[in-house]
Amino acid sequence: MFSIGRALRFLPVLLVTAMPFEARAKDMPASFADMVEKLSPAVVNVSTTQKVKGNQGMPGMDLPDSPEFDPFRQFFDQLQKGQGGQNGGKEEEHEVYSLGSGFIIDASGFVVTNNHVIDDAEDIEVTLTDNTKYKAKLIGRDKKTDLALLKIEPKKDLPFVPLGDSDAMRVGDWVIAIGNPYGLGGSVTQGIISARQRSINAGPFDDFLQTDASINRGNSGGPLFNEQGQVIGINTAIFSPSGGSIGIGFAIPTALAKPVIDQLKEYGRTHRGWLGVKIQEVSEEAAESVGLSKQMGALVLEVSKDSPAAKVGLMAGDVITNFNGKDITEMRFLPRMVAETKKDTTVPITYWRKNASKTVQITVGELDESDDNADDAKSGKDKKTKGKNNQSETIVGMTVTPVTSVVREELNLDPKTSGLAVVDVKEGSDAAKGGVRPGDVILDVNGETVKSFEDLKKAFDAAHKAGRKYALVKVSREKDTAFITLPTAEEKEKKDEKK
C-alpha cells in the first residue's frame, strides 16, 4: 500500500549558465537505498491486544486520536455498534488487535512510538525486521504529546537510530518515512518537509512537521528521517478526506519529543513547568481593545490561587508578550516554552496591562500531571432566564440584568457569582457575532468589574473615549470563562446612523 517514492526526472531546459543546474543536481540524492538498508533494522512493528465489550475496534486499524483527521472514524464506530447489536444486545468480551510502528533508540531495547498506538493495551508486542518478537513493557507515556516509551529485553545489542535536530530542518528538505502501514512492515516512502510549526488541534503543544511523504494507518509511531539518517520526527497523523494518504502528513518534531522521551526514560512520566494561568488567543480585536500595537501574546483568562503567576501579580486580562527572553508571537507557543522550563527556575516574564509593558521575575512551578488541564469547550443549549424585567437594559444587541438570587437559581450559578446576566441576544447583532449567548454572565469589561448596567455602559464609554473600537469583555458560561471582544456602544450607534 506504500509507494516507494516518486521517480525524479529532468526535462531538457534552456539554461543561461550551468551553475544553477549543477548546484541543484548535487543536492538531490541519487538513491536512498544505502541509508534505508542501514536504518530499517531499527524500525519495528508494534502490535497490541486489548479486551473490549461489544465489537469495538477494527483489527489492523490505527485510528488517530483526532476525529477531524479521520473522516472514517464515525463510519467505523457506527459499523462496530451495528455488529455489536447482532448478539441480541449482549456485550461479549473479546480481544481486539491493532498495529502501529516504532523505532529503537538505544542498543538495550528502548522503543519510541505514539501513545495512541498502545493506549488501553493489555499486551504489547514488538516485532523486528527479522521477525523476532518481544513482549514489551510500557515505561511511560505522555498523552499531551502523544508519545510512549517501551522496553524490550533482547539477548544481544540491537541496532538503533539517533535522534537528530528537527529545528535544523527547512521547508523543502528531503525526508523518508519507514513504518508499518496496514501491517506491511518495512515500507519506505520519500518526500520533503512541506511546512513547519503546524497546529492541528491535537494537543496543547502542537508544533508538527508537515510532510508529503506517504503516511497511512499503521505508520503512526514510526520515524521520519533526514538525509543524514537521523530521526527528526515521529509520524503521528494525516489529513485525509479519503482515509488514505493524500500527501499531507504530520510528525512530532524531535525538538519537542526528545525532552519527553528523556523524562519518560528516567522517571516514567513527564515533569513540566507550570505558571498557573489559563490563556486564550489574542485576536486582532482583542489586541486593539487593550492597546497593543499588533496581534501577539497570550491573553490571561484566569490565574490559579497561590500559583507562580499569582505570586508575581499576574491578573486576568493581562497579555503575556515575552517569556524568558522569547517573544510570544502566537499564544500556542507559550505552553511549550513553560513546559520545557525546569521547576524552580526563575525567568523574566513580560506582560501588557493598561497601556503599559511590565517585566517581572517568575519562579516556575511544576505541572500536576494528574490533571490533564483539558479546556474543552462545552456545548449545550443556551440557558434562558424567565425573561426581561424592569432592570433589563440592552447594549450592542444583548439584553442584560443584574445577577440576583433569582437569576442565580435560574442559571444554576455559583452563589458567589456577580455581574450581569444576558437574558436575550438579538439575532445578527454585534453581541451575537461576538459569540454572546443567553445565559452568559458578564464579569468585567477591560479589567473593570461590572455589577450594573451603569457599570457596563461606563466601561464601554471609557473604551470609546480612549480611542478603542472594541471592549474586552470577560464572560462566564457553564462554570467556564472566556474573553470576547465587542464594539463599544458608540461605535454601534455610528454604524446604525450610517444605515
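Here the residue numbering is sequential within each chain, running from 1 through the sequence in written order. Only residues with pLDDT of 70 or above have their local features reported here, since the model is predicted, and side-chain atom pairs are shown and tallied only from 80 upward, although totals for entire chains, interfaces and linings are computed over all residues. No hydrogens and no water enter the side-chain calculation; it runs on all heavy atoms of the structure.

K.L.:
Pulling in residues and values, what's your account of the overall build of the chain?
P.N.:
A run of DSSP states H or I qualifies as a helix once it reaches four residues; a run of E qualifies as a strand once it reaches two. Both are numbered from the N-terminal end. The helix and strand tally for the chain stands at twelve helices and 28 strands. Across the 499 residues that make up the chain, the buried fraction comes to 48%. For this analysis, residues touch if any pair of their heavy atoms sits within 4.5 Å. Partitioning the intrachain contacts of the chain with sequence separation of at least 6 by distance along the chain shows that 64% fall at a separation of at least 24. All accessibility values rest on the Shrake-Rupley procedure with a 1.4 Å probe; residue burial counts only the protein chains present in the view. As displayed, the chain offers around 26,100 Å² of accessible surface, 49% of which is attributable to carbon and sulfur atoms. Using a 1.4 Å probe on the protein chains alone, a residue whose accessible area is under 20% of its type maximum counts as buried, one over 50% counts as exposed, and one in between counts as partly exposed.

K.L.:
I'd like a rundown of the pattern of salt bridges, residues and numbers included.
P.N.:
Here a salt bridge means any side-chain nitrogen of Lys or Arg lying within 4 Å of a carboxyl oxygen belonging to Asp or Glu. For the coordinates displayed, the defined rule picks out 13 salt bridges. Taking the shortest distance from any N to any O, the salt bridge between Lys 354 and Glu 448 comes out at 3.7 Å. One end of the pair, Lys 354, is in the loop between strand E19 (346-353) and strand E20 (356-363); the other, Glu 448, is in strand E26 (residues 448-449), and 94 residues separate them in sequence. Given a relative accessible area of 62%, Lys 354 falls into the exposed group. The class of Glu 448 is partly exposed, set by a relative accessible area of 43%. Across the pair Asp 461 and Lys 457 runs a salt bridge, and its minimum N-O distance is 3.1 Å. Here Asp 461 pairs with Lys 457, and both are found in helix H11 (residues 453-465), just four residues apart, close to one helical turn. What makes Asp 461 buried here is its relative accessible area of 19%. Each of Asp 207, Arg 336 and Glu 340 takes part in salt bridges that share partners, so that together they form one network.

K.L.:
Quick one: what's the story with helix H5 (residues 254-267), residue by residue and with numbers?
P.N.:
Between the first and last residue of a helix there are one fewer steps than residues, each counted as 1.5 Å, and that sum is the expected span. Given a rise of 1.5 Å per residue, 14 residues ought to cover 20 Å, and the 19 Å separating the end C-alpha atoms of H5 matches this to within 8%. All buried positions along H5 are accounted for by Thr 254, Leu 256, Ala 257, Val 260, Ile 261, Gln 263 and Leu 264. Of the surrounding elements, those touching the buried residues of H5 are strand E3 (110-114), strand E6 (137-142), strand E7 (147-151), strand E12 (231-238), strand E13 (249-253) and helix H8 (333-339). Among the residues trailing H5, Gly 268 stands out with phi positive, at a value near 85°.

K.L.:
Explain the side chain of Ser 476 to me, using residue names and the numbers behind them.
P.N.:
Tracing the backbone shows Ser 476 in strand E27 (residues 470-477). Those residues in contact with Ser 476 that sit more than four places away from it in its chain are Asp 440, Val 441, Leu 443 and Thr 481.

K.L.:
Which residues make up the sheet that holds strand E10 (residues 208-211), and what are the values?
P.N.:
For two strands to be treated as a pair, DSSP must find no fewer than two bridges joining them. Pairing is antiparallel in the closed barrel, where six strands are placed in the order E8-E9-E10-E13-E12-E11. Here the average twist between neighbouring strands, direction ignored, is 45°. In the sheet, E10 pairs with E13 via three bridges, with the strands oriented antiparallel. Counterpart to Gln 210 in the pairing with E13 is Phe 250. Note on geometry: axes are C-alpha line fits, over the in-contact stretch for helices, and angles between N-to-C directions span 0 to 180 degrees.

K.L.:
How would you sum up H11? Please name residues and give values.
P.N.:
In an α-helix, one full turn covers 3.6 residues, which means residues spaced three or four apart are oriented alike. Between its first and last C-alpha, H11 extends 18 Å over 13 residues, near the 18 Å set by a 1.5 Å rise per residue. All buried positions along H11 are accounted for by Phe 453, Leu 456, Ala 459, Phe 460, Asp 461 and Ala 463. Remark: Gly 467 follows H11 within two positions and exhibits a positive phi of approximately 85°.

K.L.:
Residues and numbers for the packing of aromatic side chains, please.
P.N.:
Aromatic contacts are taken between Phe, Tyr and Trp rings whose centres are within 6.5 Å, Trp giving its six-membered ring; a plane angle under 30 degrees counts as stacked, one over 60 as edge-to-face, and the others as tilted. If you walk through the whole model with that rule in mind, you get two aromatic pairs. Remark: a charge is flagged as sitting over a ring if the NZ atom of Lys or the CZ atom of Arg is within 6 Å of the ring centre and within 35 degrees of the ring normal. A cation over a ring is seen here: Lys 151 above Phe 110, with NZ or CZ 5.4 Å from the ring centre.

K.L.:
Give me the environment of Arg 196: which residues, what numbers.
P.N.:
With respect to the helices, strands and loops of the structure, Arg 196 is situated in strand E9 (residues 187-198). For the pair Arg 196 and Met 169, spaced 27 residues apart in sequence, the C-alpha separation works out to 8.6 Å. Beyond its immediate stretch of four places on either side in the chain, Arg 196 contacts Ser 166, Asp 167, Met 169, Val 171, Phe 208 and Leu 209. The term polar contact refers here to a pair of N or O atoms within 3.5 Å; inside protein, the definition further demands a hydrogen-donor-capable atom paired with an acceptor-capable atom, and it admits residues adjacent in sequence only when both atoms are side-chain atoms. Among the polar contacts listed, one links the side chain of Arg 196 to the backbone oxygen of Met 169, at a separation of 3.0 Å.

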